[in-house]
Amino acid sequence: MIARKLPANFNEKDSLTELWKIHDQLTEEFYRLENEIDTRQKSLEKLETPKKSYLDLKIEIANHVLGGCHFCTRRCGFNRLDGELGYCKCGTQILVSTIFQHMGEEPELVPSGTIFTLGCSLRCHHCQNWSISQWYENGEIYSPERLARAVEHLRKSGCRNANLVGGEPAPWLQQWLETFRLVDVNVPVVWNSNSYYSEETAKLLAGFVDVYLLDFKYGSNKCAERISDAPDYWEACTRNHLYGKKYGELLIRVLVLPQHLECCTKTILNWIAQNLGTWVRTNVMFQYRPEWRANEIPELRRPLTRDERERAIELAKEAGLTNFIT
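Residue positions within a chain follow its written sequence, with the count starting from 1. The predicted nature of this model means local features are confined to residues of pLDDT at least 70 and side-chain atom pairs, given and counted, to a pLDDT of 80 or more, with totals for whole chains, interfaces and linings taken over all residues. Based on all heavy atoms of the structure, the side-chain values leave hydrogens and waters out of the count.

## Let's talk about the overall build of the chain
Heads up, the condition is: Numbering goes from the N terminus for both helices and strands, where a helix is a DSSP run of H or I of at least four residues and a strand is a run of E of at least two. The buried label applies to any residue whose accessible area, calculated with a 1.4 Å probe on protein chains only, is under 20% of its type's maximum; exposed applies above 50%, and partly exposed to all values in between. Here the accessible surface of atoms and residues is derived via Shrake-Rupley with a 1.4 Å probe, and residues count as covered only by protein chains that are part of the display. Charge counting treats Lys and Arg as positive and Asp and Glu as negative, with His and both chain ends excluded. Each charge is placed at NZ for Lys, CZ for Arg, CG for Asp and CD for Glu.
Looking only at helices and strands, the chain has ten helices and nine strands in total. Dimensions of the chain along its principal axes, counting C-alpha atoms only, are 60 × 45 × 40 Å. Buried positions account for 54% of the 326 residues belonging to the chain. Of the accessible surface of the chain, which amounts to about 14,600 Å², a share of 47% is contributed by carbon and sulfur atoms. In the chain, which carries 40 positive and 43 negative side-chain charges, the distance between the mean positions of the two groups comes to 2 Å.

## A few points about the packing of aromatic side chains
Aromatic ring pairs are reported here in terms of the distance separating the ring centres and the angle at which the planes meet. Selection criterion: Two aromatic rings, drawn from Phe, Tyr or Trp (for Trp, its six-membered ring), form a pair once their centres lie within 6.5 Å of each other, and the interplanar angle then sorts them: stacked below 30 degrees, edge-to-face above 60, tilted otherwise.
This model, assessed by the stated rule, comprises 14 aromatic pairs. With centroids separated by 5.6 Å and ring planes inclined at 35°, the aromatic side chains of F30 and Y54 adopt a geometry described as tilted. Here the residue F30 occupies a position in helix α1 (residues 16–38), and Y54 occupies one in helix α2 (residues 54–66), the gap between them amounting to 24 residues. Classification of F30 as buried rests on a relative accessible area of 5%. Using a relative accessible area of 0% as the deciding quantity, one classes Y54 as buried.

## Observations concerning the sheet that holds strand β6 (residues 211–215)
Here is the rule: Two strands pair under a simple rule: DSSP has to find at least two bridges between them.
Across the sheet, which stays open at both edges, the nine strands sit in the order β3-β1-β2-β4-β5-β6-β7-β8-β9 with mixed pairing between neighbours. Only two strands of the sheet have a single neighbouring strand rather than two, namely β3 (140–141) and β9 (324–325). Of the pairings in the sheet, the one linking β6 to strand β7 (residues 249–255) comprises five bridges and is parallel in character. Opposite Y212, over in β7, you have L250 as the bridge partner.

## Examining the pairing of strand β1 (residues 95–102)
One ladder, built from two bridges, connects β1 with β3; its direction is antiparallel. The residue bridging L95 from the neighbouring strand is I141, located in β3. Here β1 runs beside strand β2 (residues 112–117); their pairing, made up of six bridges, is antiparallel. Considered in β2, the bridge of I99 is made with I115.

## Considerations on the side chain of T114
Convention followed: Throughout, a residue-residue contact means that at least one pair of heavy atoms, one from each residue, lies within 4.5 Å.
For T114, the location among the structural elements is in strand β2. Excluding its chain neighbours within four sequence positions, the residues that come into contact with T114 are T98, I99, F100, H102, E105, N163 and V165.

## With respect to the nonpolar core
Note on soluble globular proteins: their nonpolar side chains tend to be buried together. Counted only if it meets this: Residues belong to one nonpolar core when they are buried, are Ala, Val, Leu, Ile, Met, Phe, Trp, Tyr or Cys, and are joined through side-chain atoms within 4.5 Å.
In this structure, W176, F180, W191, F208, L269 and I272 are the most contacted members of the largest nonpolar core, which totals 103 residues. Membership of the second largest hydrophobic core comes to five residues, among which are L109, V190, V211 and L251.

## Quick look at the packing of helix α8 (residues 233–247) against helix α9 (residues 261–275)
The condition that has to hold: As a rule, the C-alpha atoms of each element are fitted with a line to give its axis, helices using only the stretch in contact, and angles between N-to-C directions run from 0 to 180 degrees. Handedness of a crossing follows from how the near helix is turned relative to the far one, being left-handed for an anticlockwise turn of less than a right angle and right-handed for a clockwise one. Residue polarity follows a fixed list, in which Ala, Val, Leu, Ile, Met, Phe, Trp, Tyr, Cys and Pro are nonpolar, Asp, Glu, Lys and Arg are charged, and the others, Gly among them, are polar.
At their nearest, the axes of α8 and α9 sit 12 Å apart, and the two run at 35° to each other. The hand of the α8/α9 crossing is right-handed. On α9, the residues touching W234, T238, H241, L242 and K245 of α8 are T267, W271 and N275. Partitioned by chemical class, the residues of the contact of α8 with α9 number three nonpolar, four polar and one charged.

## Quick look at unusual backbone geometry
Omega for the peptide link from V110 to P111 comes to -5°, which places this bond in the cis form. Tracing the backbone shows P111 in the loop between β1 and β2. Residue G166 is joined to G167 through a cis peptide bond whose omega torsion reads 25°. Its identity is not glycine, yet D229 carries a phi of approximately 50°, on the positive side. Note on D229: relative accessible area 33%, which makes it partly exposed.

## Here's the deal with the pattern of salt bridges
For clarity, the cut-off: Throughout this description, the term salt bridge denotes a Lys or Arg side-chain nitrogen within 4 Å of a carboxyl oxygen of Asp or Glu.
Tallied over the entire structure, the rule returns 21 salt bridges. For K52, the salt bridge identified is with E12, shortest N-O distance 3.7 Å. Here the residue K52 occupies a position in the loop between α1 and α2, and E12 occupies one in the segment before α1, the gap between them amounting to 40 residues. The partner of R311 in a salt bridge is E262, and the shortest N-O contact between them spans 3.2 Å.

## A closer look at a negative patch on the surface
Note the cut-off: The patches reported here contain residues having more than 30% relative accessible area and no salt bridge. Joining distances are 9 Å for like charges and 5 Å for nonpolar side chains (Val, Leu, Ile, Met, Phe, Trp, Tyr).
On the surface, E225, D229, D232 and E235 cluster together to form a negatively charged patch. Relative to the elements of secondary structure, E235 occurs in helix α8.

Keep in mind these values describe shape, not function.
Put into structure tokens, the structure is as follows:
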């Protein structure tokens, strides 16, 4: 809502480079304005609505990205505006699996207004939402107008937030920005993501997302490639967690995998403590179960043992984390 009040001076003929320059300047201005509103120096309701806003600028940049898609780290480069489909198989019309009040998220988020969209930028062998992420469902096309009304309904029915999840929300960022330009209720936006998105996407999320609910899946690129077909996962994931801490509230999910405590869990928890802070909210998750193609990865054919769960808690304490849950 604040982004819609911040004027942006651009036109459709501007190059992508020019648009990003304007965007970077307005991002700084946005957070100054947000602080003034939060501290009651200014009133959001009294601000005039400009002809073109910071949110409109984000949509314009996102339209450019669709023309040579690089919302995720893969940077496929396909022209989705011409019907080309990349790795995630997402087009230009957002497809929704389900919309509902979710009571199973982290305590501070529930009831959470979850919106599950189809498609994903990863191929996790153990994906628990594989029917959504890998297009085994057909989904239902939603226009931005219809999706905006759904978001408003979730908020008015008592949800604390709009939780954008999938699959993975990053391929649909342009459509999400379009949707929230039409949302007329004050609702926090939760970005529920696998963290495998591009730096351009991270910049577009600033001033749009309130809560970054980010997976931290792997402590090494070797594990990421082997299990999720995710080259350069570590670099993308660490960068995007730093962006999340800088531009919003950060809540991290670390799914503990069998036999990956030393190579992944330990490395991840230590990095969080050293680079984000020991106080950062971290969910050390024991919900792993073999799903989809997990049987193709030998160590993933079974659930966690009691010893592995206890070891994960030890690792969180050894890292110095003071605000973790299981």
